[in-house]
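Each chain is listed here by its residues.
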Amino acid sequence: MFNKKSKFELKKDLEQEAFQRITCSFYRYINIKNPKIFRNHLYEKFSNLNILGRVYVADEGINAQISVPEDKWSMFEDYINSEILLNSITLKKAVQEGSSFIKLKILVKNEIVAYGVDKDCYNMNHVGQHLSAKEFNESINEEGSVVVDMRNYYESEVGRFKNAITPDIHRSQELLPEVAELISDSKDKKVHLYCTGGIRCEKASAYLIKKGFKDVYQLDGGIIQYAHDVKKENIPSEFIGKNFVFDDRLGEKITDDIIGKCHQCQKSCDQHANCNNDACHILFIQCENCATKYDRCCSVNCRDFNALDNEEQRKLRKDIDKKVSSAKLSTKFRPKLYKLFNYWK
């Protein structure tokens, strides 16, 4: 029920595939009585169809981003429509294809979006009104309308709706209270929410309604569906730049606007990267010149560390682990601690 191959083997298998894949996403808030049993059933079905991707299952529903072999798309759709919990669910195909996932991972979670707010803070039976791309464009351009990006700051760095409020938030657990505070004086205004595929706005809109916001709207299908619709219907895009995605592609170009900047030289750039130093692996924006200069690392120190042989790297990591332990902090803060202890700057 789980992958046993190394990352190298998985990538090699993907490179040798002689067929195309379709990247898509879907979600549904629905009561799942036994998430673990459903997860196991889903894993078996998806594995048989050679589907790759990341899926979260919880008692409140399902959230999936997957890659389906093109020749198995019809079988995948047939299965989805045969499954009571998934029947007639909206499947959103990627705006821009590319290598997205290398393995299948289906996890049972407490929430399908990790907001971490108490259940009495929202009611999923009362969510914001869904607007199509055309309706969203018209509504956000009305005088006094408020537009809020329900994504993390690094997503909005490379693409966002014009004049949108973009919270300076890195973790989803901080987002809802921050947004409610940022727009606390707009309870009588039309509040418009958008996110990547729509799922974050569902619970966010329910949360804001419970907080007393009267007119809450959300972009139906998120940025992904919006991009398809503006192209199909030949309407102007109020979204500019790139749509950040949580897979190996790291982004889909929606318009030719480049609104981001390289974090190292400040040159216009919209390409996210993970630091090539696995002990850091921080997400940042990097242009090709800096990628060459820093060997695809986020700093000189990361580049220099990465150039050390494995034994020297192990010694330094061991030293850091001791300091992490003595500081009684989780190893998940390791990249920040490297900077703190002057290994990284």
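Heads up: the structure comes first, above all this text.
Residues numbered from 1 in each chain as written. Predicted model: local features only at pLDDT ≥ 70, side-chain atom pairs only at ≥ 80, totals over all residues. Heavy atoms only, no water.

**Comments concerning the sheet that holds strand S12 (residues 252-253)**
- Pairing is antiparallel across the open sheet formed by three strands, whose spatial order is S8-S11-S12. Each end of this open sheet is capped by a strand with a single partner; those strands are strand S8 (159-161) and S12.
- Across two bridges, the pairing between strand S11 (residues 239-243) and S12 is antiparallel. If you follow Lys242 over to S12, its bridge partner there is Lys253. (Pairing = 2+ DSSP bridges. Helix = DSSP H or I, 4+ residues; strand = E, 2+ residues; numbered from the N terminus.)

**Notes on the sheet that holds strand S9 (residues 190-194)**
- Across the sheet, which stays open at both edges, the four strands sit in the order S6-S10-S9-S7 with parallel pairing between neighbours. Sheet topology places strand S6 (129-131) and strand S7 (146-149) at the edges, where each strand pairs with a single neighbour. When the angles between neighbouring strand axes are averaged without regard to direction, this sheet yields 30 degrees.
- Where S7 meets S9, four bridges bridge the pair, whose relative direction is parallel. Bridge pairing links Val146 to Val191 in S9. (Axes fitted to C-alpha atoms, helices over the stretch in contact; angles between N-to-C directions.)

**Some remarks on helix H7 (residues 199-210)**
- Given a rise of 1.5 Å per residue, 12 residues ought to cover 16 Å, and the 18 Å separating the end C-alpha atoms of H7 matches this to within 8%.
- Among the 12 residues that make up H7, 10 are buried, leaving the element largely enclosed by the rest of the structure.
- Buried within H7 are the following residues: Ile199, Arg200, Cys201, Glu202, Lys203, Ala204, Ser205, Ala206, Tyr207 and Leu208.
- Downstream of H7 by a residue or two, Gly212 has a phi angle that is positive, lying close to 105 degrees. (Expected span 1.5 Å × (residues − 1). Buried < 20%, exposed > 50% of the residue type's maximum accessible area, 1.4 Å probe, protein only.)

**Details of the nonpolar core**
- The biggest cluster of nonpolar side chains holds 28 residues, and the ones touching the most others in it are Tyr115, Val148, Met150, Ile183, Leu193 and Leu208.
- For this core, the secondary-structure elements that each account for two or more residues are strand S1 (21-29), S7, helix H6 (175-182), S9 and H7.
- Residue contributions to this core peak at six residues, all from H7.
- When residues no more than four places from it in sequence are discounted, the contact partners of Leu193 are Phe136, Val148, Met150, Cys201, Ala204, Ser205, Leu208, Val216, Tyr217, Gln218 and Leu219.
- Membership of the second largest hydrophobic core comes to 25 residues, among which are Val57, Ala64, Val68 and Ile80. (Core = buried A, V, L, I, M, F, W, Y, C linked by side-chain atoms within 4.5 Å. Contact = heavy atoms within 4.5 Å.)

**Focus: the packing of helix H4 (residues 133-140) against helix H8 (residues 222-233)**
- One way to put it is that H4 packs onto H8 with a least axis distance of 9 Å and a crossing angle of 95 degrees. In terms of their interaxial angle, H4 and H8 are classed as roughly perpendicular. Of the residues in H8, those in contact with Ala133, Lys134 and Asn137 of H4 are Tyr226, Asp229, Val230 and Glu233.
- Per-class residue counts for the contact of H4 with H8 are three nonpolar, one polar and three charged. (Parallel < 35°, antiparallel > 145°, perpendicular 65-115°, else oblique. Nonpolar A, V, L, I, M, F, W, Y, C, P; charged D, E, K, R; others polar.)

**A closer look at the side chain of Asn63**
- Tracing the chain through its elements places Asn63 in strand S3 (residues 61-69).
- A polar contact of 2.8 Å, which involves the side chain of Asn63, links it to the side chain of Gln65.
- Only 3.0 Å separates the side chain of Asn63 from the backbone oxygen of Ile112, close enough to count as a polar contact.
- If sequence neighbours within four positions are ignored, Asn63 has contacts with Phe26, Tyr27, Arg54, Val55, Tyr56, Ile112, Val113 and Ile199. (Polar contact = N/O pair within 3.5 Å; in protein donor to acceptor, adjacent residues only side chain to side chain.)

**So, the pairing of S3**
- The buried fraction of S3 is high, at eight of nine residues.
- The pairing of S1 with S3 spans nine bridges and is classified as antiparallel. Among the inter-strand pairings, Arg28 is bridged to a residue of S3, identified as Ile62.
- Direction of pairing for strand S2 (residues 52-58) relative to S3: antiparallel, over a ladder of seven bridges. In the strand pairing of S3, Arg54 is matched with Gln65.
- Taking the residues that link successive antiparallel strands as the turn, the S2-S3 hairpin has two residues.

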